[in-house]
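Notes for the structure review
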Amino acid sequence: MIPASFSYKRAWSADEALDLAAQHGDDAKFLAGGHSLLPLMKLRLAVPEILVDIGRLPEFSYIRDDDGHIAVGTLTTYHDLARSSLLASELPLLAHAAGQVGDPQVRHRGTIGGSLAHADPAADLPAVILALDATLVARGPAGRRDIGAGEFFRGLFETALEPGELLTEIRFPKPQAAGWSFQKFTKRAIDWAIVGVAVQGDRVALVNMGQRPLRASGVERALSGGAGPRDAAAHAAEGTRPPHDINADSGYREHLARVLVARALEESRSRA
Amino acid sequence: MKLTVMVNGRQVAAEVEDRTLLVHFVRDVAGLTATNIGCDTSSCGACTVLLDGQSVKSCTVLAAQADGCEVVTVEGLAGPDGELHPMQSAFHAEHGLQCGFCTPGMVMAAVSLLRENPAPTEEQVRSGLEGNLCRCTGYHNIVRAVLAAAEAGAEVTR
């Protein structure tokens, strides 16, 4: 399979990327590593007329300690996240989860910004940034804008980014509560999670339990009311609408969410 | 679009459609057909090549994304006199293949793995090859081959 025809434009600066996107409007898509977008284009589920390749902009690939936050550039690959010693000490949840995405080849190319802007509810990192209470920094024709992770994901493959806006940085507060865990269940290593769970302290987020990544609010309420991991995990499927597909039906996903949340909370406590 | 890719040390320049995938560039333009197209959905790893030293699935990379970069395929591993790369020798010695379809991708994934981790444990080899499927179920010998190559110091050569 090859994608439908499109016109490829390589941006050599962020300004050039924004100009190209502004010029072509809805017909243009940004291309980072391409590991979310290209598979969709091969299936004709995405048919952009213009691809604006931002993959050669080195200024967007970094992980740094910045004024009490950890700042991660949008083009940082899963591979670099997984191997970062700064993340290993400050945000081990992010480093660990990035190392569980896909397989080594995918991790060499796929980027954090690409994954988040793509907003696949079955992807790992969207739930991780919810659990870490990150802020997403976007740049567009109107300038810079900060978007809280909780407001970023709007629906299936849909985010708060406006046409022509480029996600440039993800900012993470240093977690107050040390315990963390990332659990996912897949049939094969390279598959998307049937269900996944990211926990940082008392924040719990779910992968693939609805149209977008979700906080497990029932679990969080139970935890704040003093419930233990097992009792809190019983609320894992509350307020979710998990998909029914070839891998699992909704009831199985609800069961899996309760099992994985219990494991995640127990592991998180053991690390706190 | 016009692009130039260094493939196995040889500069390959061509005018191609913007939508050309790297695997088609390697096979049809550079004429190197050892790299196989298996699933064509970035699952099986048969099309794995090195792009600037790192393993990638060339069915999920545009040729345009490799413009100006360096690509190594399994044909680029052996020495100029035909002497096998230590990873190839290890696959041969340990019978790390049956039908051979996954082998070019498997070897390239293994070369990339040892560059990042020259002395992996068996478990690290198994997880490091997660992105490559072998339908002959030849994994045990493949893992043995990679461990043998690591032992022989495969990462330091070429």
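These numbers come from a predicted model, not from an experiment. (Residues numbered from 1 in each chain as written. Chains lettered and ligands numbered in written order. Predicted model: local features only at pLDDT ≥ 70, side-chain atom pairs only at ≥ 80, totals over all residues.)

A closer look at the interface of chain B and chain A
At the junction of the two partners, chain B supplies 25 residues and chain A supplies 21 residues. Contributions of two or more residues to the side of chain B that touches chain A are made by β4 (54-57) and α3 (103-116) of chain B. Counting residues per element, the side of chain B that touches chain A draws most heavily on β4(B), at four residues. Among the residues making up the side of chain B that touches chain A, the classes are represented as eight nonpolar, 12 polar and five charged. (Contact = placed C-beta atoms within 7 Å. Helix = DSSP H or I, 4+ residues; strand = E, 2+ residues; numbered from the N terminus. Nonpolar A, V, L, I, M, F, W, Y, C, P; charged D, E, K, R; others polar.)

A closer look at the domain arrangement of chain A
All names here are of chain A. Entries for chain A in the domain assignment read domain 1 (7-52), domain 2 (61-173) and domain 3 (180-271). Domain 2 and domain 3 are separated by 20 Å when their C-alpha centres are compared. The interface is formed by 23 residues belonging to domain 2 together with 22 residues belonging to domain 3. If you list the elements that add at least two residues to the side of domain 2 that touches domain 3, you get α5 (92-98), α8 (124-131) and β8 (153-155). Residue contributions to the side of domain 2 that touches domain 3 peak at six residues, all from α8. (Domains from an automatic or database assignment.)

Quick look at the packing of helix α2 (residues 86-93) of chain B against α3(B)
Residue and element names in this part refer to chain B. At a closest axis distance of 10 Å, the pairing of α2 and α3 adopts a crossing angle of 125°. As the angle between them shows, α2 and α3 are arranged oblique. Crossing of α2 against α3: the hand is right-handed. For the pair formed by α2 and α3, the contact residues are Met-87, Gln-88 and Phe-91 on the first element and Thr-103, Val-107, Ala-110 and Val-111 on the second. For the contact of α2 with α3, the per-class residue count stands at five nonpolar, two polar and no charged. (Axes fitted to C-alpha atoms, helices over the stretch in contact; angles between N-to-C directions. Parallel < 35°, antiparallel > 145°, perpendicular 65-115°, else oblique. Left-handed = near helix turned anticlockwise from the far one by under 90°.)

As for the environment of Leu113(B)
Mapped onto the elements of the fold, Leu113(B) is located in helix α3. In the structure, Leu113(B) is positioned 18 residues away from Gly131(B) in sequence and 11 Å away in space, judged by C-alpha atoms. With sequence-adjacent residues up to four places away left out, Leu113(B) is seen in contact with Pro104(A), Pro120(B), Val125(B), Gly128(B) and Val146(B).

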